[in-house]
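Now for the letters of each chain:
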Amino acid sequence: MKSPPPSNIETPAVAPATPLILAVDVTGAPRGWITWQDAVASKASGRVERELGDFHFTFYGGHSRLTGERSSISVSSILALRGRNPRGWEPLAPALTNALLFQRDRHLCCYCGSQKRPDLLTRDHIIPVSRGGADSWKNVVTACKPCNQRKGAKSPERAGMMMLYVPYTPSIYEAMILRNRKILADQMDFLASLLPADSRLIL
Ligand SMILES: [Zn+2]
């Protein structure tokens, strides 16, 4: 559920183009993406401790009855927020979803190397679940439908299929980069500096 902006802030015409704001905690650890509405609400309620971004977005509100001046509030592309569990905070480990799995593996089938659209890909359990394999990041790879069918309920060795890459658990920061398609340069730099060396993202 999205929270409405403070009542004295109008929805600006630029809203659809406003990118997501990267929220970090007071230690500087990235914690999630928040909408500009939440960013403005955080700023208005005094929860922004520091502004760390290179980009600034200004939102205009109504005119003050006292001074006649138009109210405005600006937020930067990266905000350090005080307090626990602001809206949009990420869990500490990224949840296993097909969308994120396919992105981790660059939409490449682990067995034949072909690159396909998401609807032509499947989540393959290296050790099949029916043989005790876990439904977890290190036991799953992206496979095209024909390869998944060929492998069936066998391990790659038993199916005589070679794996072209090794699965890994994406870091939460990697998951955050993958989730935001309109990431800004400063936000990317901030998150990229925290990625593990084995990340498969091209930066
Ligand atoms: Zn394949």
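Every value quoted in this text rests on a predicted model; they were computed, and no experiment measured them.

Residue-level pLDDT values for the chain average 85, and 85% of them are 70 or greater. Contacts for the low-pLDDT stretch residues 1–15, under 50 throughout, to residues beyond four places or in other chains number 27 contacts.

Moving on, we come to helix α5 (residues 172–179). Here α5 has its buried residues at Tyr173, Glu174, Ala175, Met176 and Ile177. Structurally, α5 contributes buried residues whose contacts are with β2 (30–34), α2 (98–104) and α6 (185–192).

Another point: the environment of Lys154. Here Lys154 lies in the loop between α3 (145–151) and α4 (156–159). With 26 residues separating them along the chain, Lys154 and Pro128 place their C-alpha atoms 6.5 Å apart.

Turning our attention to α6. A turn of α-helix holds 3.6 residues, and therefore any two residues three or four places apart point the same way. Taken as a whole, α6 has its buried residues at Gln187, Phe190 and Leu191. Relative to the axis of α6, the buried residues are bounded by an arc of 90° and lie together on one face. Looking at the packing, one finds that the buried side of α6 touches β1 (21–24), β2, β6 (78–81) and α5.

This paragraph deals with the environment of Arg47. Following the sequence through the fold, Arg47 ends up in the loop between α1 (36–44) and β3 (48–51). Assessed through the 16 C-beta atoms surrounding it within 10 Å, Arg47 is described here as partly exposed. Separated by 35 residues in sequence, Arg47 and Arg82 place their C-alpha atoms 5.3 Å apart. Excluding residues that lie within four positions of it along the chain, Arg47 makes contacts with Ser42, Leu81, Arg82 and Gly83.

Another aspect to go through is the nonpolar core. Ile21, Ala23, Trp36, Ala39, Val40, Val75 and Leu79 are the most contacted members of the largest nonpolar core, which has 23 residues in total. For this core, the secondary structure elements donating two or more residues are β1, α1, β4 (56–63), β6, α5 and α6. Core analysis: the second largest hydrophobic core is formed by 10 residues, Cys109, Cys110, Val140 and Cys144 among them.

A word on the pairing of β4. Bridge count for β4 against strand β5 (residues 70–76) is 6 bridges, and the pairing is antiparallel. By the bridge assignment, Phe59 is partnered in β5 with Ile73.

Looking at where Arg106 falls in the secondary structure, it is placed in the loop between α2 and β7 (121–125). Distance in space between the C-alpha atoms of Arg106 and Thr142 is 8.8 Å, their sequence separation being 36 residues.

What follows concerns unusual backbone geometry. If you check the backbone angles, Arg106 has positive phi at about 55° while not being a glycine. A positive phi angle, close to 60°, is found at His107, a residue other than glycine. By the secondary structure assignment, His107 is in the loop between α2 and β7. On the basis of neighbour counts, which here come to 17 C-beta atoms within 10 Å, the residue His107 falls in the partly exposed class.

The strand order across the open sheet built from 4 strands is β2-β1-β6-β3, with neighbouring strands paired in mixed fashion. The sheet terminates laterally at β2 and β3, the two strands that pair on one side only. For this sheet, the mean inter-axis angle between neighbouring strands, taken without regard to orientation, is 30°. Alignment of β1 against β2, held across 4 bridges, turns out to be antiparallel. For Ala23, the partnering residue across the bridge sits in β2 and is Gly32.

About the criteria used
- Residues numbered from 1 in each chain as written.
- Predicted model: local features only at pLDDT ≥ 70, side-chain atom pairs only at ≥ 80, totals over all residues.
- pLDDT = per-residue confidence, 0-100.
- Contact = placed C-beta atoms within 7 Å.
- Buried ≥ 20, exposed ≤ 12 C-beta atoms within 10 Å, placed from the backbone.
- Helix = DSSP H or I, 4+ residues; strand = E, 2+ residues; numbered from the N terminus.
- Arc of directions from axis to C-beta.
- Core = buried A, V, L, I, M, F, W, Y, C linked by C-beta atoms within 7 Å.
- Pairing = 2+ DSSP bridges.
- Axes fitted to C-alpha atoms, helices over the stretch in contact; angles between N-to-C directions.

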